[in-house]
Every structure is written in C-alpha cells, then in structure tokens.
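Fold and contact review
Listed below are the residues making up each chain.
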Amino acid sequence: MPFDVICIAVIGKTNNPLYIKNCSRNAAYPDLKCHYIAHTAIDLVEEKISTTKQADQYLGLLYALEELAVFGYITNTRVKFIIVTSLTDAAIKDQEMKALFRKIHNAYVALVSNPFWDPDAQRVISSPNFDRAIAQVAAGSSS
Amino acid sequence: MATAVLGHDDRRLVAEASLDFLVVEMVDLMHRSHAGETGETDREAAYFKLENLGYQLGMAMVERITKDRPRFLDNLDVVKFICKDFWIALFKKQIDNLKTNHRGVYVLTDNNFRWFSRMSGDGTSADISRQAFAHLAFPCGLIRGALGNLGVATVVSGEVTTIPHCTFQIKISKP
C-alpha cells in the first residue's frame, strides 16, 4: 500500500482516550501532535454520525491537515478508531482503509473478550496482544 | 452457543448439556456461598452477583456480535437486535413476543426459555416459579450489559409465571 500510517488512536465511548500510538519514524510528528489530531477528530466523528443517515461503521476521510489525512471508524458500541496517514499523490482507496480498520476492530474485540478486562474502568489499553496487532496494522500499510 | 454467530473463524463446538449444567451450577454456587446470611439479604446478594456476571458477559458478547453490523439508528432498533441476533447467539431462537408502550418500556416474552426447558420442580407452581426466578438474574444481566454497551442505559427485570415461559421487562432510564 502506498501510504504510511502516522498514528492510530482508539477513543472510548465517552470520548476518553483508550490508546494512542505514534507509528511514524519521523521526528516531525511528536506524540503531542498525535494527541492533538485524535482530539480534533472527535468533533468530526460526531458531526459525521449526526448528519449522515448512512449506517456504515466506516466513516471515511474526516479531514486533511497539512500533509496528513485523518480517517475515522465508529463501532456499534460508540468506540472510535482513528487512523492518520501521510498524504500521497495516489488516492487512498476506501477498501484498503476499511481492511485496516477491520483489523483494529478484530484486535479490539479480542481485547474486550478477555474476562479480566473491565469495560467501565476507562483505563488506557495496556495489552501486549493489542500492541502487536496495532504494530502489524501500521507495518502492513507501508510499502 | 452458536459460535458461528459470534464470528469465530475457527469454529469450536461445545457440548450443550455441559453448558446447561454449568449455568445451573453457577446459580446454585452463588446461592450456596451466601447461604450463611439471613433471610432475604442472602438471596439478594446472590442475585446481584449473578446479574453483574451477566452484565460483563453481555458487554463483551455484544462487541463481538455487532462487529459486522450496520450502526443502529434508534432504541427500538437496538431492542429488536436483542430479540433477534443476540437471543439467537445465546439460545438459538428468537424472542417470541415484543411489546412496547413507546415510552421506554419493552416487554420481551419467551414462551420456551431454553434454560427452563429441561427444568422441573417440587411443590406448587408458585414454589417452582420462585425457584426458577433465581435463574433469571444472569440472563437479565446479559440483556442489561448488551444494551448498556450499545449506549442504552436500562433496568431489566425478569418474571416467571409457569416454566418454561418467562418475560423480561426492559425499562430505559432517562439520561
């Protein structure tokens, strides 16, 4: 795939940050910027789900910021996934993006199926399996 | 439980009988562990514990079942999902009847509740209903957990008239 994933974020149902991973190897994107982008994406997600009657979990391109593109996905349980990618000349296909989000969703489902996971605790995700899955998503996308 | 509905890739089979025994034994264990306390409190404590167990399982299950579903548009949609997909995943059958007053109260009727279908009891029908009621805590919690995770805060209570017939009342709590 012809684009780099810069950042992957998981945001809880009450808009609490669950997981933010900076995948870039570029010093131009500090962690703080990832937090900032994830934060601003929440507004766009809310706007998207209130305006579109379309019931797909994948929300498409949320916005483009300088040289970055931000994509969103919301589960039925109101958990939001955000992927930030570098903008390239070639258009990013929705199909590819959906596949990435599906991988994140699978990892998340596996996480909450753990009986020791407390759904109401709103803790930040700290699971080696989830880390590995996210790393795979980030690595699989860069050509 | 129908593993195919839960979205597993590697389908594994579970003996239905052993699962039934496990559920029965779980209820019994909770009531035995609170047997020392007096009167109504012990029954309430056990009920509360079972309900909480169901709540956690419902939350986790719904995450898995709704993975490939379009988003829900309103509360009725969510309750319909409970009656159909969720119940099929749990009991391989749908809820038989759904009634609502359109003001946030839903009554789900199951004419042949699976965990009651192989039960029989001693005494009058009132006694049997009382004994069977203890087994409703867990499914009530399941419903509450599933709805809670889908963003609908509710109070769920169950009622047995004659086994295997039972009803669940869902009351949506106003935010």
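That block above? That's the structure.
Remember, it's a predicted structure, so these values are computed and weren't measured experimentally.

With respect to the overall build of chain A
In terms of regular secondary structure, chain A is built from three helices and five strands. Along the chain direction, N to C, the helices and strands of chain A fall in the order β-β-α-β-β-β-α-α. The C-alpha atoms of chain A give 14 Å as radius of gyration, which agrees with the globular expectation for 143 residues (15 Å, within 12%). Judged by the C-alpha coordinates and their principal axes, chain A covers about 45 × 35 × 25 Å. Burial analysis of chain A (143 residues in total) assigns 46% to the buried set. For chain A, the accessible surface area stands at approximately 7,300 Å², while carbon and sulfur atoms represent 53% of it. Taking the average location of the 14 positive side-chain charges in chain A and that of its 14 negative ones, the two points are 6 Å from each other.

Description of the overall build of chain B
A count of helical and extended segments in chain B gives five helices and four strands. Helices (α) and strands (β) of chain B occur, in sequence order from the N terminus, as α-α-α-β-β-α-α-β-β. Dimensions along the principal axes, computed over C-alpha positions, put chain B at roughly 45 × 40 × 30 Å. Taking all 175 residues of chain B together, the buried fraction comes to 45%. Once local pairs closer than 6 in sequence are excluded, the contacts in chain B between residues at least 24 apart make up 59%. Total accessible area on chain B stands at roughly 9,300 Å², and carbon and sulfur atoms take up 55% of it. In chain B, 21 positive and 21 negative side-chain charges are present, and the distance between their average locations comes to 6 Å.

Regarding the interface of chain B and chain A
Each side of the interface is counted separately: chain B has 18 residues, and chain A has 25 residues. Between chain B and chain A lies a buried interface of about 1,700 Å² when both sides are counted; carbon and sulfur atoms form 47% of it. The largest contributions to the chain B side of the interface with chain A come from B:Glu63, B:Lys67 and B:Arg71, which together make up 46% of the buried area. Where chain B packs against chain A, one counts zero salt bridges. Linking chain B with chain A are ten residue pairs in polar contact (both at pLDDT 80 or more).

Details of the sheet that holds strand β2 (residues 17-22) of chain A
Residues and elements named next belong to chain A. Here we have five strands laid out as an open sheet, ordered β2-β1-β5-β4-β3, and antiparallel in their pairing. Each edge of the open sheet carries a strand with a single partner, namely β2 and β3 (58-65). Between one strand axis and the next, the sheet turns through 15° on average, direction left out of account. The sheet contact formed by β3 and strand β4 (residues 68-74) spans six bridges and is antiparallel. Within the sheet, the bridge partner assigned to Gly-60 lies in β4 and is Gly-72. Helix α2 (residues 94-112) rests against β1 (5-11), β2, β3, β4 and β5 (80-86) of the sheet, and its axis sits at about 135° to β5.

Regarding the layout of surface pockets
Residues and elements named next belong to chain B. Within this model, the second largest pocket holds a volume of roughly 300 Å³. Lining the second largest pocket are 14 residues; nearest its centre among them are His-31, Arg-43, Arg-130, Gln-131 and Ala-134. Only α1 (16-33), α2 (39-65) and α4 (125-133) provide two or more residues apiece to the lining of the second largest pocket. Per-element accounting of the lining of the second largest pocket gives the leading share, five residues, to α1.

With respect to the nonpolar core
Membership of the largest hydrophobic core comes to 44 residues, with the highest contact counts inside it found for B:Phe86, B:Trp87, B:Leu108, B:Phe113 and B:Phe168. Looking at this core, the elements with two or more residues in it are α1, α2, α3 (75-91), β2 (105-110), α5 (137-149), β3 (154-160) and β4 (166-172) of chain B. Among the elements that take part in this core, α3(B) stands out by supplying ten residues, more than any other. Filtering out sequence-adjacent residues up to four positions away, B:Leu108 remains in contact with B:Val79, B:Ile82, B:Cys83, B:Ile95, B:Asn97, B:Leu98, B:Cys166, B:Thr167, B:Phe168 and B:Ile170. Core analysis: the next-biggest nonpolar cluster, separate from the first, contains 29 residues, A:Leu18, A:Ala69, A:Ala107 and A:Leu111 among them.

What to know about the packing of aromatic side chains
Residue and element names in this part refer to chain B. Within the structure shown, the criterion is met by 17 aromatic pairs over all chains. Look at Phe-91 and Phe-113: their rings are 5.1 Å apart centre to centre, the planes differ by 70°, and that puts the pair in the edge-to-face class. On the criterion of sequence distance, the pair formed by Phe-91 in helix α3 and Phe-113 in the loop between β2 and α4 is long-range, its members being 22 residues apart. For Phe-91, a relative accessible area of 1% corresponds to the buried category. Relative to Phe-116, the ring of Phe-113 has its centre 5.1 Å away and its plane inclined at 80°; by these criteria the two rings are edge-to-face. Accessibility assignment for this pair places Phe-113 and Phe-116 in one class, buried. Members of the aromatic cluster, connected to one another through ring pairs, are Trp-87, Phe-91, Phe-113, Trp-115, Phe-116, Phe-138 and Phe-168.

What counts and how
Residues numbered from 1 in each chain as written. Chains lettered and ligands numbered in written order. Predicted model: local features only at pLDDT ≥ 70, side-chain atom pairs only at ≥ 80, totals over all residues. Heavy atoms only, no water. Helix = DSSP H or I, 4+ residues; strand = E, 2+ residues; numbered from the N terminus. Rg over C-alpha atoms; globule rule 2.2 N^0.38 Å. Buried < 20%, exposed > 50% of the residue type's maximum accessible area, 1.4 Å probe, protein only. Areas by Shrake-Rupley, 256 points an atom, 1.4 Å probe, with all protein chains shown as cover. Lys, Arg positive; Asp, Glu negative; His and termini not counted. Charge placed at Lys NZ, Arg CZ, Asp CG, Glu CD. Contact = heavy atoms within 4.5 Å. Buried area = accessible area lost by both parts, 1.4 Å probe. Salt bridge = Lys/Arg side-chain N within 4 Å of Asp/Glu carboxyl O. Polar contact = N/O pair within 3.5 Å; in protein donor to acceptor, adjacent residues only side chain to side chain. Pairing = 2+ DSSP bridges. Axes fitted to C-alpha atoms, helices over the stretch in contact; angles between N-to-C directions. 1 Å grid on protein atoms, 1.4 Å probe; cavity = no way out; pocket = protein on both sides within 12 Å on 5 of 7 lines; lining within 4 Å. Points joined across faces, edges and corners; volume = space filled by probe spheres on them. Core = buried A, V, L, I, M, F, W, Y, C linked by side-chain atoms within 4.5 Å. Phe/Tyr/Trp six-rings, centres within 6.5 Å; stacked < 30°, edge-to-face > 60°.

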